[in-house]
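So the chains spell out like this:
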Amino acid sequence: AQSVTQPDIHITVSEGASLELRCNYSYGATPYLFWYVQSPGQGLQLLLKYFSGDTLVQGIKGFEAEFKRSQSSFNLRKPSVHWSDAAEYFCYNNNDMRFGAGTRLTVKP
Amino acid sequence: EAQVTQNPRYLITVTGKKLTVTCSQNMNHEYMSWYRQDPGLGLRQIYYSMNVEVTDKGDVPEGYKVSRKEKRNFPLILESPSPNQTSLYFCASSPGQGVGKLFFGSGTQLSVL
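Residue positions within a chain follow its written sequence, with the count starting from 1. Chain A is the first chain written and ligand 1 is the first ligand written, with later ones labelled in order. The predicted nature of this model means local features are confined to residues of pLDDT at least 70 and side-chain atom pairs, given and counted, to a pLDDT of 80 or more, with totals for whole chains, interfaces and linings taken over all residues. Only hydrogens and water are set aside; all other atoms, that is, all heavy atoms of the structure, feed into the side-chain values.

A. Main features of the overall build of chain B. Secondary structure elements follow DSSP: runs of H or I no shorter than four residues count as helices, runs of E no shorter than two count as strands, and numbering proceeds from the N terminus. Along chain B, the regular secondary structure elements total 0 helices and 11 strands. Secondary structure elements of chain B occur, N-terminal to C-terminal, as β-β-β-β-β-β-β-β-β-β-β. A compact globule built from 113 residues would reach a C-alpha radius of gyration of about 13 Å, and chain B, at 13 Å, matches this within 12%. The dimensions of chain B, computed from C-alpha atoms along their principal axes, are 35 × 30 × 25 Å. Three labels apply to residues, based on accessible area from a 1.4 Å probe with only protein chains included: buried if under 20% of the type maximum, exposed if over 50%, partly exposed otherwise in between. Looking at chain B as a whole, 50% of its 113 residues are labelled buried. For chain B, the accessible surface area stands at approximately 5,300 Å², while carbon and sulfur atoms represent 51% of it. For chain B, the distance from the average site of its 12 positive side-chain charges to the average site of its 9 negative ones is 5 Å. Based on C-alpha atoms, the radius of gyration is set beside the globule rule, defined as 2.2 Å times the residue count to the power 0.38. To be clear on the numbers: accessible area is Shrake-Rupley with a 1.4 Å probe, and residue cover counts the displayed protein chains and nothing else. For this count, His and the chain ends are skipped, Lys and Arg are scored as positive, and Asp and Glu as negative. Throughout, a charge is located at the NZ atom of Lys, the CZ atom of Arg, the CG atom of Asp or the CD atom of Glu.

Put into structure tokens, the structure is as follows:
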């Protein structure tokens with residue numbers, strides 16, 4: 001059973017616009033959640049993670065994510081997207097070692 | 001430099017010809033795992049290992065074998081590859097299961113004709 005759901009397969013945003021990528025989890029009383037990014041032809045790079053404590057976590061490249069237990073969500077955000085952010089993004093639940101299906105981000109000039 | 005080394009980077013083979021994809025990590029990690037990545041399906045776990053001589057099935061183990069004779073190495077074996085195993089494969093490691101982030105290899109693009 002899929003414990004991590006990424007509802008958006010593909011998102012297109014304009015450069016400079018804000019971004020939010022959705023992730024919902026369904027496994028683990030205390031989830032240990034990650035966001036990874038995969039640039040074209042590359043492996044996966046860690047953006048940020050949440051285990052406990054402050055529900056708003058900061059990551060690399062200006063990304064942040066907010067853990068909301070009431071909504072079972074861990075959405076990734078960025079206030080202003082750059083063309084280099086075009087990639088595929090994966091949410092991951094460390095409790096059961098499962099990835100979401102991924103969201104491909106396209107950035108329009 | 002801490003890294004996970006996967007080889008080969010690209011592999012084209014024919015149905016039924018046994019192959020091995022190697023994976024090695026230099027971080028003394030206990031946990032290692034294999035994933036396959038297919039469009040629209042994300043990364044699905046094939047097998048994982050929590051330590052030497054301890055391996056277990058992931059979500060899509062059929063048609064694959066693994067071994068963990070040494071802590072650093074975790075090869076993926078396809079005894080009789082089939083076209084539906086054409087995929088992008090990633091090896092990953094972490095200090096322990098559910099502990100810390102995953103370190104990924106660069107991937108192996110496998111085509112089975």
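From this point on, the discussion continues.
B. Fine view of the nonpolar core. Nonpolar cores were defined as sets of buried Ala, Val, Leu, Ile, Met, Phe, Trp, Tyr and Cys residues, with membership established by side-chain atoms within 4.5 Å. Judged by nonpolar contacts, the single largest core of 25 residues is most densely connected at A:Leu19, A:Trp35, A:Leu47, A:Leu48, A:Phe74, A:Leu76 and A:Tyr89. Elements with a contribution of two residues or more to this core: β2 (10-14), β3 (19-21), β5 (33-38), β6 (44-50), β8 (64-68), β9 (73-78), β10 (87-93) and β12 (103-108) of chain A. Counting 19 residues, the second largest nonpolar core, distinct from the first, contains B:Leu19, B:Met27, B:Met32 and B:Leu78.

C. Broad picture of the layout of surface pockets. Roughly 440 Å³ of volume is contained in the largest pocket. For the lining of the largest pocket, the secondary-structure elements that each account for two or more residues are β10 and β12 of chain A together with β4 (31-38) and β9 (87-94) of chain B. Considering every element that reaches the lining of the largest pocket, the biggest residue donor is β10(A), with 3 residues. Residue classes in the lining of the largest pocket are distributed as 12 nonpolar, 12 polar and 4 charged. Roughly 320 Å³ of internal volume is contained in the second largest pocket. Two kinds of site are reported from a 1 Å grid over the protein atoms alone, namely cavities, where a 1.4 Å probe fits but cannot get out, and pockets, open sets with protein on both sides within 12 Å along at least five of seven lines, and residues are called lining when an atom falls within 4 Å of a point. Grid points are joined across faces, edges and corners, and a volume is the space filled by probe spheres set on the points. When residues are grouped by polarity, Ala, Val, Leu, Ile, Met, Phe, Trp, Tyr, Cys and Pro land in nonpolar, Asp, Glu, Lys and Arg in charged, and all others, Gly among them, in polar.

D. Structural context of the pairing of β6(A). All names here are of chain A. β6 sits mainly inside the fold: 5 of its 7 residues count as buried. Examined bridge by bridge, β5 and β6 share 6 bridges and lie antiparallel to one another. Each bridged residue has a counterpart across the sheet, and for Trp35 the counterpart in β6 is Leu48. Note on pairing: two strands pair once DSSP finds at least 2 bridges between them. Between β5 and β6, which follow one another and run antiparallel, lie 5 residues, and Gly41 among them has a positive phi close to 75°.

E. Local environment of the state of the cysteines. Count a disulfide wherever a pair of cysteine sulfur atoms falls within 2.5 Å. The full count for this structure, using the stated rule, is 2 disulfides over all chains. Residue A:Cys23 pairs covalently with A:Cys91 via a disulfide, S to S 2.0 Å. The sign of the S-S torsion, about -70°, decides the handedness of the disulfide formed by A:Cys23 and A:Cys91: left-handed. With A:Cys23 in the loop between β3 and β4 (24-25) and A:Cys91 in strand β10, the pair connects residues that are 68 residues apart, well separated along the chain. Considered together, A:Cys23 and A:Cys91 belong to a single accessibility category, that of buried residues. The disulfide that involves B:Cys23 links it to B:Cys91, with 1.8 Å between the sulfurs. Between B:Cys23 and B:Cys91, the S-S dihedral sits near -70°, and the bridge is therefore left-handed. Residue B:Cys23 is found in strand β3 (residues 19-25), and its partner B:Cys91 is found in strand β9; the two are separated by 68 residues along the sequence.

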